[in-house]
Amino acid sequence: MVPDQQDRDSADKAQQHKDDDQDTAETLKINVDVVQFFFNVKEKKGGLIPNLPRDHFEVLEGGKPQTIKYFSAESNLPLTLGILIDSSASQERVLGMEQEVGGAFLSQILREKDIAFVLDFNIGVSLVQDFTSNVRKLKTALNSVRINSGGQAVVSGLPGQGGGPVPTMGVPKGTLLYDAVYLASNDQMSQQVDRKAMILLTDGEDQGSQYKIRDAIEAAQKADTIVYVLLCADRGFYGLGGFGGDSVMKKLTSETGGRVIEVGNKPEKLKAAFDQISQELRSQYYIGYVPTNPSKDGGFRRVEIRSKDGYKIQARSGYYAVPAK
């Protein structure tokens, strides 16, 4: 059979994307001067807009236009994923749901070249499963997580932490959410290249962390990691006072290029949220540029990616200009 024009076009397009991805991968690993951003493009109602060409975008750093050097309308680069699961007392009635639906998500999202880790946090922070591409190991780790609301706060299993205690400001019980994000970013994600994202399953409440929310955000930005938060909350646990983790989690996600999705205690909402994240991670654009300001002074550079079509851009707010290690 002689392939028709559509088949030839498809093959050419596939090869072009393959070449783009190879060029992009080389960029990430070799050219330390290139600033990279993965982002989503959405219409007003939140629907994803794929396959827009390079000339439909502009990039500004500190308000100054930048020249886009690398661009890809879809990214097949390997994905590095972190699942951070809250196992404090407030999550007792939703933990089983998180484990079941989270396991199904891992089976759906991870491909051969992808890797992921599982970390849980309560009164301590524990690396339950280090980076692996083995979905069975990740599911086993996820299912091994148990509620922990007593004892002393310790950090275990994270490289560079020595298993030492994290001071809890005199609060013996709590939820070390900010510590978890900081440690996952600094000790896990900062060593990785390619596309990186963390998904937090939590009610957004922190109690007793050594690090502040700004420390957690800075660590995630320095590690080029997108953060999503799935707000899983048993409303009955909080009584009439409710809970107030929403606004802080929105700051964490908006600054890193992710978003907050309200789940409550409904498995169908959690599955829908994971499906949305899966679609977003598989529909990312990539832009790379060499900044007009070459200084590596460690300062934060605010970056804006604009759609010339007026679409909404979901991207991190900037980067830290740190010297290469």
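Quick caveat: nothing in here was measured; it's all calculated off a predicted structure.

Draft legend 1. Structural context of the sheet that holds strand β1 (residues 35–42). Sheet architecture is open: four strands sit in the order β4-β12-β1-β14, paired in antiparallel fashion. The open sheet has two edge strands with one neighbour each: β4 (68–72) and β14 (312–314). The sheet shows a mean angle of 30 degrees between the axes of neighbouring strands, direction not considered. Of the pairings in the sheet, the one linking β1 to strand β12 (residues 285–289) comprises five bridges and is antiparallel in character.

Draft legend 2. Fine view of the sheet that holds strand β15 (residues 318–320). Strand order across the open sheet formed by four strands is β3-β2-β13-β15, with antiparallel pairing between neighbours. Every other strand in the sheet has two partners, leaving β3 (64–66) and β15 as the edge strands with one partner each. Here the average twist between neighbouring strands, direction ignored, is 30 degrees. Across three bridges, strand β13 (residues 300–307) lies against β15 in antiparallel orientation. When the bridges of β15 are listed, R302 appears paired with G318.

Draft legend 3. Summary view of the packing of helix α5 (residues 213–222) against helix α7 (residues 246–256). Viewed as axis vectors pointing N to C, α5 and α7 meet at an angle of 20 degrees, and their least axial separation amounts to 9 Å. One way to sum up the angle between α5 and α7 is to call them roughly parallel. Remark: the crossing between α5 and α7 carries right-handed chirality. Contact with α5, carried on its side by I213, I217, A220 and Q221, involves V248, M249, K251, L252, E255 and T256 of α7 and no other residues of that element. When the residues that make up the contact of α5 with α7 are grouped by side-chain class, the tally is six nonpolar, two polar and two charged.

Rules behind the numbers
- Residues numbered from 1 in each chain as written.
- Predicted model: local features only at pLDDT ≥ 70, side-chain atom pairs only at ≥ 80, totals over all residues.
- Heavy atoms only, no water.
- Pairing = 2+ DSSP bridges.
- Helix = DSSP H or I, 4+ residues; strand = E, 2+ residues; numbered from the N terminus.
- Axes fitted to C-alpha atoms, helices over the stretch in contact; angles between N-to-C directions.
- Parallel < 35°, antiparallel > 145°, perpendicular 65-115°, else oblique.
- Left-handed = near helix turned anticlockwise from the far one by under 90°.
- Contact = heavy atoms within 4.5 Å.
- Nonpolar A, V, L, I, M, F, W, Y, C, P; charged D, E, K, R; others polar.

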